[in-house]
Amino acid sequence: AQKVTQAQTEISVVEKEDVTLDCVYETRDTTYYLFWYKQPPSGELVFLIRRNSFDEQNEISGRYSWNFQKSTSSFNFTITASQVVDSAVYFCALSGLNQGGKLIFGQGTELSVKP
Amino acid sequence: DVKVTQSSRYLVKRTGEKVFLECVQDMDHENMFWYRQDPGLGLRLIYFSYDVKMKEKGDIPEGYSVSREKKERFSLILESASTNQTSMYLCASSPGLAGTDTQYFGPGTRLTVL
């Protein structure tokens, strides 16, 4: 079965703290794709990153970084020096050719960054 | 920039009404999707389409139908709205082979059925 687990339902930090959002996935596919999306209070899902299963290089984009480890089936997301504007619900998602085109989402982690 | 637009941000309908939710994308994407998002249940796929006039059922198609007459437009239809269809509806599109490329989402329609 395909599954994405985001064990952290809510996280609260103070501005400028670093925070890591965990994502663990299950899949039997050898080729698959992992994603992170941000959903601010306005409701729109904003794409952050896509990673395929053959690329385990970590990625950094500004204050955001992602750590992909196939050995532990994890794709964690770290925000460095968090800001109030980072407050949102963050979703990790999985897709693959054998999944009928759909994204399988985790339950989401609600991040609250307080000033 | 990929742009996915949805016809309404907020919609209030009565039980039994026929409801149309419209989605338009401007990037010539092959695939389009309709999800609903509910607290505690996350996002669930209702239908998707990988080509004009083609459609595939997702996880929860019951009570819904879809129409894709043009490549850029994907409509979700609630034939007879019910209160349990009160939800946030999100449309998405993606290029290329479904299941491999990034899905880009619209702003969502928050539907309330009274």
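Refer to the structure above for everything that follows.
This one's a predicted model, so the numbers in the text were calculated from it and none came from an experiment.

Cut-offs and rules
Residues numbered from 1 in each chain as written. Chains lettered and ligands numbered in written order. Predicted model: local features only at pLDDT ≥ 70, side-chain atom pairs only at ≥ 80, totals over all residues. Heavy atoms only, no water. Pairing = 2+ DSSP bridges. Helix = DSSP H or I, 4+ residues; strand = E, 2+ residues; numbered from the N terminus. Axes fitted to C-alpha atoms, helices over the stretch in contact; angles between N-to-C directions. Polar contact = N/O pair within 3.5 Å; in protein donor to acceptor, adjacent residues only side chain to side chain. Contact = heavy atoms within 4.5 Å. Buried area = accessible area lost by both parts, 1.4 Å probe. Salt bridge = Lys/Arg side-chain N within 4 Å of Asp/Glu carboxyl O. Phe/Tyr/Trp six-rings, centres within 6.5 Å; stacked < 30°, edge-to-face > 60°. Buried < 20%, exposed > 50% of the residue type's maximum accessible area, 1.4 Å probe, protein only.

What about the sheet that holds strand β1 (residues 4-6) of chain B?
Residue and element names in this part refer to chain B. Strand order in this open sheet of four strands is β1-β3-β8-β7, and the pairing throughout is antiparallel. Pairing within the sheet leaves two strands with one partner each, and these edge strands are β1 and β7 (64-70). Within this sheet the neighbouring strands show an average axis-to-axis angle of 20 degrees, counted without direction. In this structure, strand β3 (residues 19-25) lies alongside strand β8 (residues 73-78), joined through six bridges in antiparallel fashion. Bridge assignment links V19 to a residue of β8, and that residue is L78.

What about the side chain of R51 of chain A?
Residue and element names in this part refer to chain A. Positionally, R51 belongs in strand β6 (residues 46-52). At a separation of 2.6 Å, a polar atom in the side chain of R51 contacts the side chain of E59. Beyond its immediate chain neighbours, meaning those up to four positions away, R51 contacts Y32, Y33, L34, Q57, N58, E59, F68 and F75.

Things to note about unusual backbone geometry
Despite not being glycine, S73 of chain A shows a phi value in the positive range, around 50 degrees. Along the chain, S73 of chain A falls in the loop between β8 (64-69) and β9 (74-79). Phi is positive for D28 of chain B, close to 60 degrees, though the residue is something other than glycine. Assignment of secondary structure puts D28 of chain B in the loop between β3 and β4 (31-38).

Overview of the interface of chain A and chain B
Taken together, the contact between chain A and chain B spans 20 residues of the former and 24 residues of the latter. Across the chain A/chain B interface, buried area totals approximately 1700 Å², and carbon plus sulfur atoms make up 54% of it. When residues of chain A are sorted by the area they lose upon contact with chain B, L45, G101 and K102 of chain A head the list and together hold 25% of the total. Put simply, chain A and chain B have one salt bridge between them. At the junction of chain A with chain B, the criterion picks out five residue pairs in polar contact (both at pLDDT 80 or more).

Some thoughts on the packing of aromatic side chains
Describing an aromatic ring pair means giving the distance of the ring centres and the angle of the ring planes. A complete count under the given rule lists 20 aromatic pairs over all chains for this structure. Taking the centre distance of 5.3 Å and the plane angle of 50 degrees together, the rings of W36 of chain A and F77 of chain A count as tilted. Placement of W36 of chain A in strand β5 (residues 33-39) and of F77 of chain A in strand β9 is noted, with a sequence separation of 41 residues between them. Grouping residues by exposure puts W36 of chain A and F77 of chain A together as buried. Seen in terms of ring centroids, Y37 of chain A and F47 of chain A are 6.0 Å apart; in terms of plane orientation they differ by 65 degrees. Their pairing is edge-to-face. Here Y37 of chain A is found in strand β5, whereas its partner F47 of chain A is found in strand β6, with ten residues between them in sequence. Note on F47 of chain A: relative accessible area 26%, which makes it partly exposed. An aromatic cluster of three or more residues is present, and its members are F35, Y37, F47, F91 and F105 of chain A together with F33, Y35, F48, Y104 and F105 of chain B.

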